[in-house]
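Coordinates in review
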Amino acid sequence: MSDIQEQQASIAITLPDGTVRTVPSGSTGFDIALSIGKRLAEDALAVTVNGRPTDLHAPIHSDARIEIVTFDSPLGHDIFWHSASHIMAQAIEELFPGSRFGAGPATEQGFYYDVASEHRFREEDLRLIEQKMLEIGKRDIRLKREEMKRSDAIAYFTSVRNDPYKVEILNDTLKEVETVSLYHQGSFTDLCSGPHLPTTAKLKAVLLTNISSSYWRGDSSRESMQRIYGIAFPSEKLLREHVARLEEAKRRDHRKLGAELDLFMLSPEIGSGLPVWLPKGAIIRSELETFLKEEQRKRGYLPVYTPHIGNIGLYKRSGHYPYYSDSQFPPLTYHDEDGKQEQYLLKPMNCPHHHLIYSSKLRSYRDLPIRLTEFGTVYRHEQSGELNGLVRARGFTQDDSHIYCRPDQLVDEICNAIDLTQFVFLTLGFAEVQTRLSMHDPANREKYGGTEDVWKQAEKDVREAADRMGIDYFIGIGEASFYGPKIDFIVRDALGRKWQLGTVQVDYVMPERFDLSYVGSDGQKHRPVVIHRAPFGSMERFIGVLIEHTAGNFPLWLAPVQAIVLPIAEDVHEYAKTVHAALLAAGIRAEIDMRSEKIGKKIREAEVGKIPCMVIAGQKERDTGEVSLRRHRKGDMGSFSVAALTDMIGKEITERI
RNA sequence: GCUGAUGUAGCUCAGUCGGUAGAGCACUUCCUUGGUAAGGAAGAGGUCAUCGGUUCAAGUCCGAUCAUCAGCUCCA
C-alpha cells in the first residue's frame, strides 16, 4: 500500500453515544476530540481504543470504538497521576542528580514514586520539588513513546540511564515480554507501558503530601527506598477542592471525634493499642451488642461465654500459635508446686474454645446446625506501626460465632450469615460496602492447611452462596485465611482507607484438627463443617468506622445522650426537671442543663456535642404544659406536649431509624 | 518491626539567639435570668512526654526510651 493510498483510506470510529464517524486512517484521539469540540480537545488526556487506554497522539489505523479520556473519570485520574509521578521523578532527578527510581504508579488517591537517593528527603524538599514540577509543566514537554526490544531496553537502562531498578524489572517481571515501551520526557526517560499525558503542560497544580519508606518490590529483605506521595490536578481549583476534602476528613477522624465526644481513650499507662471505652462510648457499643443479640436470638444462635486465656496447647492444635506466633502476646508461663510448667495464651481468637464446647458432648445430625455466639475479646500483638485508634488495636472484641453444620446445610448457613451481615450494615446505614471473596493462592500452598480438594469444595460453596445471595463481589486471590476461604465486607474510612469489617469464613480444617464429629442417620461418625462469622468484625473497628461514617452524628438509638433539657431561665427549672424526669421515665437517655447561661449558649454547646434532641422549656412552655423541640443540625421543630414528645422519640429509638 | 515526622495547661497552639512559661477555648467563683449556635468580670490550672548528656544556665542543643501521626510490611 502506498503512502498516498494510506492517507486516503478512511476508518469508522464509533463514539460512546453510538454515533459513527468516518475519519482518515492514522487519525489520532486528539484529531477526533478536536472534531467533536475545541473544549474536549483541550481537556483530552488520552483515548481508549476498543477499551484499551492509548496515548492521545497515537495514530489509529482501523475501525474502532473510541472514548476520549478526560480528567473527569477514574481512568483519567489514573493516567494523570501516573504522568505526574514521572514529572516528579524528572523534577527529583534535576534537583538531586544521581537519584534512582523504583516503582512510580498512580494510586486511588494520587501517586507516589520510590526513590533511591543519597539525599535524605525532608519536608522542605517537597516544596522545592513541587516548584520544579510546575516549572516542568510550564516547559510544555511533549511525551514521546518509544518501543524497543527488551534486550535493547536492558542495555539502555544499564548504560544510558544507569538505573539498576528498571533493569531488574526488565530481567524479572517482564522476562516473558519481547517488546517494551519507554516514555521520553525531555531529559528524563522511564520504562512504562503507558499511556501518558500528551504534554507536561497539563499539570497545573500539585501537592506532595508525605515521605515514607518502602521496601524495594515490597520485600522486607530488600533495601528500603524513600517513597514520596503526592497528588496533582489539571487546575488550581481542583486542588483547592481536594484540600478542602482532606480537611473535612480530618474533622471526621474517629480518633479526634472519640476524644471530643468522650467516647474512648488510649493511654500509654494502660498500654499501646488497648482502647478503653468511656461511659458515652460504652453506650454505643452496648446498644450495638444488644441489637445484634436480639437479631441473633431470632436466628437461632446460642450465646456462650469463654475465658480470656487458654492453654497454649489449644492454639498449637488449631495451628494459630505456630502460624501467628509473631503477632501474639508472649505466653504466660506458670509453674506448679511440682515444678511442672503450663503455658497460657491471651486468646488471640475464640474458635478453639467454641470447638471444645461443641465436642463436649455427642452431637446428632438432628442437632445441627449449632450456632455458638459470643462477644469475645481477643488480644493480638499487632506491629506498633500498625496501631490506629480503634480501627487497629491490640485488644478488641469480636462478635464471633461458629456455626457447626452438616455439609448439606453449609450453603444455606453461609447465606444466612451473609443475610445477617447485610441486615446489620443496612441498619447502620453503610451503603457503600464492597464484598470480596477471599480465595487461596494455589501458587502458595504451604500457607494453607487442608488439601487442595477441600479448598476447591470450600471455594465452590462460598461462591455458590454469594451468587445465590445476589452479591456483587470481586475475587481476592491469596486473601483467604489459612483454614479456609472468606467472604469479607469492606468499607472505607473518612480518609478513603479500606477496612474489613464483617466476615463469613468456611472452615473444613479446624473440624479435622479438633476431631469434631456428629452421628449421622447411618449411625456413623461424620465431620461437621464450621462457619466463622462476625458481622461487625471487631466492635472497636466497627465503631471507629461508624464514627467517621456518621461524623459523630449518631442515629438516635445509638446517641450516648439522646436528649437534653434546656430551661430558658431559672424560674422554669422546676418545670424543666419534671420534663427531664418524664424523659428518663420513658427510657430516654436525657440530661438537663441548669447552668446560668443564656439559651443561645446552651444550644450551641448541645449542637457542638451532637446531641440529637434539644428540649427547650421556658415560661411559655410551662404555661401550656408543652416543650419545644430542636433537632441537631435541623433546627426548631415546634412545640409538643411532653407525652407526645416521649412517644415520638421513643418510637424513633425502638425502630432504630 | 522499618523509614520519616511530632510530643508545651483538659483542648488548639505561640514560645526569637540557650537566660526560670504564654494566648484562645474549656474549667471554678461572682455578676447577669435570658427565647433557638458563644453575656460580663475575676481566679485557678505546667516536673515543657520520660530518662540521661552538654552548659554558669536547657522547653530550646545532643542521645536513649515511651507514645502518637503518615506510609511500608502484616492482618486468624
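Up top you'll find the structure we're talking about.
Here's a quick rundown of the structure.

Turning next to the protein's contact with RNA strand B. Near RNA strand B, the surroundings consist of 55 residues, among which Ser-384, Glu-386, Glu-570, Glu-621 and Ser-628 are the closest. Sugar and phosphate atoms form 47% of the subset of RNA strand B atoms that lie within 4 Å of the protein. One of the side-chain N or O atoms of Tyr-215 is found 3.4 Å from a base nitrogen in RNA strand B. Lys-601 is positioned such that a nitrogen or oxygen atom in its side chain is 3.5 Å from a phosphate oxygen of RNA strand B.

Take the environment of Gly-552 next. On the secondary structure map, Gly-552 appears in the loop between α17 (539-550) and β31 (563-567). Using a relative accessible area of 2% as the deciding quantity, one classes Gly-552 as buried. A C-alpha to C-alpha distance of 9.7 Å links Gly-552 and Glu-260, two positions 292 residues apart in sequence. If we skip the residues at most four places from it in the chain, Gly-552 touches Leu-257, Leu-261, Ile-547 and Lys-610.

On to the sheet that holds strand β20 (residues 332-335). Read across the sheet, three strands follow the order β19-β21-β20 without closing on themselves; strand pairing throughout is antiparallel. Both edges of this open sheet fall to β19 (309-311) and β20, since each of them pairs with a single strand only. Here the strands of the sheet are splayed against their neighbours by 35 degrees on average, with no regard to which way each runs. The pairing of β19 with strand β21 (residues 341-346) spans three bridges and is classified as antiparallel. Opposite Asn-311, over in β21, you have Tyr-344 as the bridge partner.

Moving on, we come to helix α10 (residues 279-298). If you check α10, its first and last C-alpha atoms are 29 Å apart, about what 20 residues at 1.5 Å a residue would give, namely 28 Å. Within the span of α10, buried status applies to Gly-281, Ile-284, Arg-285, Leu-288, Glu-289, Phe-291, Leu-292, Glu-295 and Gln-296. With its buried residues spanning 155 degrees around the axis, α10 presents them on a single face. Seen from the buried face of α10, the exposed residues on the opposite side, beyond 90 degrees, are Pro-279, Arg-297 and Lys-298. The first or second residue beyond α10 is Gly-300, which carries a positive phi of 80 degrees.

Applying the stated criterion across every chain, the model contains 24 aromatic pairs. Summarising the aromatic geometry, the rings of Phe-425 and Phe-430 are spaced 6.0 Å apart at their centres and angled 50 degrees between planes, so their arrangement reads as tilted. Assigned by exposure class, Phe-425 and Phe-430 land together as buried. Aromatic side chains Phe-482 and Tyr-483 sit 5.4 Å apart centroid to centroid with 75 degrees between the ring planes, which places their arrangement in the edge-to-face category. Exposure class is identical for Phe-482 and Tyr-483. Each is buried. What links up through ring pairs into an aromatic cluster is the set Phe-425, Phe-430, Phe-489, Phe-536 and Phe-542. The ring of Tyr-112 has Arg-227 sitting right over it, with the charged end atom 3.7 Å from the ring centre.

Bringing the nonpolar core into the picture now. Grouped together as the largest cluster of nonpolar side chains are 71 residues, with contacts concentrated most on Leu-288, Ile-414, Leu-428, Phe-536, Phe-542, Leu-583 and Val-615. Broken down by element, the residue count for this core peaks at nine residues, all from helix α14 (residues 410-427). Residue-level mapping places this core at the junction of two domains, with at least three residues from each of domain 3 (276-306 + 348-550) and domain 4 (563-654). In contact with Leu-288, not counting residues within four places along its chain, are Leu-428, Phe-536, Met-539, Phe-542, Ile-543, Leu-546, Trp-557 and Leu-558. Leu-45, Ala-84, Ile-129 and Phe-233 belong to the second largest nonpolar core, which has 36 residues in total.

All right, on to the side chain of Asp-55 then. With respect to the element layout, Asp-55 can be found in strand β5 (residues 52-55). For the buried Asp-55, which has no salt bridge, the nearest side chain bearing the opposite charge is Arg-145, at an N-O separation of 4.4 Å. At a separation of 2.6 Å, a polar atom in the side chain of Asp-55 contacts the side chain of Tyr-183. Non-local contacts of Asp-55, meaning those with residues more than four positions away in its chain, are made with Val-47, Arg-145, Tyr-183, Pro-195 and His-196.

So, about the sheet that holds strand β11 (residues 144-149). Strands sit in the order β11-β12-β13 across an open sheet of three strands; the sheet is antiparallel. Of all strands in the sheet, those bounded by a partner on one side alone are β11 and β13 (188-191). Across the sheet, the axes of successive neighbouring strands diverge by a mean angle of 30 degrees, strand direction being ignored. Here strand β12 (residues 179-185) pairs with β13 via four bridges, running antiparallel.

Let us now look at helix α21 (residues 642-654). Its 13 residues give α21 an end-to-end C-alpha distance of 18 Å, which sits within 8% of 18 Å, the value for a rise of 1.5 Å per residue. Burial in α21 covers these residues: Val-642, Leu-645, Thr-646, Ile-649, Glu-652 and Ile-653. The buried residues of α21 occupy one face: seen down the axis, they fall within an arc of 135 degrees. Across α21 from its buried face, at more than 90 degrees, point the exposed residues Asp-647, Lys-651 and Thr-654. Contacts made by the buried residues of α21 are with α18 (573-585), β33 (613-617), β34 (626-631) and β35 (635-641). Trailing α21 by a residue or two, Arg-656 shows a phi angle of about 50 degrees, which is positive.

This part takes up the environment of Ile-418. Looking at the element boundaries, Ile-418 is found in helix α14. It is 16 Å that separates the C-alpha atoms of Ile-418 and Pro-369, two residues lying 49 residues apart in sequence. Sequence-distant contacts of Ile-418, that is, excluding residues within four places in its chain, are made with Ala-465, Ala-466, Met-469, Ile-471, Ile-487, Phe-489 and Val-504.

A few words now on the packing of α10 against α17. α17 packs onto α10 with a crossing angle of 110 degrees between their chain directions and a minimal axis gap of 11 Å. Of the possible angle classes, the one that applies to α10 and α17 is roughly perpendicular. The crossing of α10 and α17 is right-handed. For the pair formed by α10 and α17, the contact residues are Ile-284, Arg-285, Leu-288 and Glu-289 on the first element and Met-539, Glu-540, Phe-542, Ile-543 and Leu-546 on the second.

What follows covers unusual backbone geometry. Phi is mostly negative for residues that are not glycine, and the peptide bonds are mostly trans. Of note, the bond from Gly-194 into Pro-195 is cis; its omega dihedral lies within 30 degrees of zero at 0 degrees. Within the fold, Pro-195 resides in the loop between β13 and β14 (205-215). The omega angle of the peptide bond from Leu-368 to Pro-369 is 0 degrees, so this bond is cis rather than trans. Along the chain, the position of Pro-369 falls in the loop between α13 (351-358) and β22 (370-379).

What follows concerns the pattern of salt bridges. A full pass over the atoms with the stated rule returns 46 salt bridges. In this structure, the salt-bridge partner of Arg-251 is Glu-248, at a minimum N-O distance of 3.0 Å. Taken together, the residues Arg-251 and Glu-248, both in helix α8 (residues 236-252) and three residues apart, mark about one turn of the helix. Of the residues examined, Arg-251 reaches a relative accessible area of 47% and is grouped as partly exposed. With a closest N to O distance of 2.8 Å, Arg-527 and Asp-515 form a salt bridge. Here Arg-527, found in the loop between β29 (525-526) and β30 (529-534), pairs with Asp-515, found in the loop between α16 (509-513) and β28 (518-519); they are 12 residues apart in sequence, far enough to count as distant. Among the residues examined, Asp-515 registers a relative accessible area of 49% and is labelled partly exposed. Overlapping salt bridges bring together Glu-94, Lys-132, Glu-135 and Arg-139 as one network.

Rules used in this analysis
- Sequence order as written defines residue numbering, which begins from 1 separately in each chain.
- For naming, the first written chain is A and the first written ligand is 1, with later ones following in the order written.
- Only residues with pLDDT of at least 70 get local features here, since the model is predicted, and only at 80 or more are side-chain atom pairs given and counted; chain-wide, interface and lining totals rely on the full set of residues.
- Computation of side-chain values: all heavy atoms of the structure, hydrogens and water removed.
- When we say a residue is near a molecule or strand, we mean one of its heavy atoms is within 4 Å of it.
- What qualifies as a polar contact is a pair of N or O atoms within 3.5 Å, subject to a donor-acceptor requirement within protein and to the restriction that residues adjacent in sequence count only when both atoms come from side chains.
- Only DSSP runs of H or I covering at least 4 residues are called helices, and only runs of E covering at least 2 are called strands; the numbering of each starts at the N terminus.
- Throughout, exposure labels follow a simple rule: accessible area from a 1.4 Å probe, protein chains only, divided by the maximum for the residue type, with under 20% read as buried, over 50% as exposed, and the rest as partly exposed.
- Any two residues whose heavy atoms approach within 4.5 Å are treated as being in contact.
- The rule for pairing is simple: two strands pair if DSSP sees at least two bridges between them.
- In this description, a line fitted to the C-alpha atoms serves as the axis of each element, helices being fitted only across the stretch in contact, and the angle between N-to-C directions of two axes falls anywhere from 0 to 180 degrees.
- Here, expected helix span is obtained from the residue count minus one, scaled by 1.5 Å.
- It is the directions from the helix axis to the C-beta atoms that the arc portrays.
- Stacked, tilted and edge-to-face pairs are distinguished by plane angle, under 30 degrees for stacked and over 60 for edge-to-face with tilted covering the rest, among Phe, Tyr and Trp rings (Trp via its six-membered ring) whose centres lie within 6.5 Å.
- Working rule: Lys NZ or Arg CZ, within 6 Å of ring centre, within 35 degrees of ring normal, means a charge sits over the ring.
- Residues belong to a common nonpolar core when they are buried Ala, Val, Leu, Ile, Met, Phe, Trp, Tyr or Cys residues joined through side-chain atoms within 4.5 Å.
- Where each domain begins and ends is defined by an automated method or by a domain database.
- Positive charges come from Lys and Arg, negative ones from Asp and Glu, while His and the chain ends are left out of the count.
- A side-chain nitrogen of Lys or Arg and a carboxyl oxygen of Asp or Glu constitute a salt bridge if their distance falls within 4 Å.
- Oblique is the label for any angle not covered by the other classes, which are roughly parallel (under 35 degrees), roughly antiparallel (over 145) and roughly perpendicular (65 to 115).
- Left-handed describes a crossing whose near helix is turned anticlockwise from the far helix by less than a right angle; the clockwise case is right-handed.

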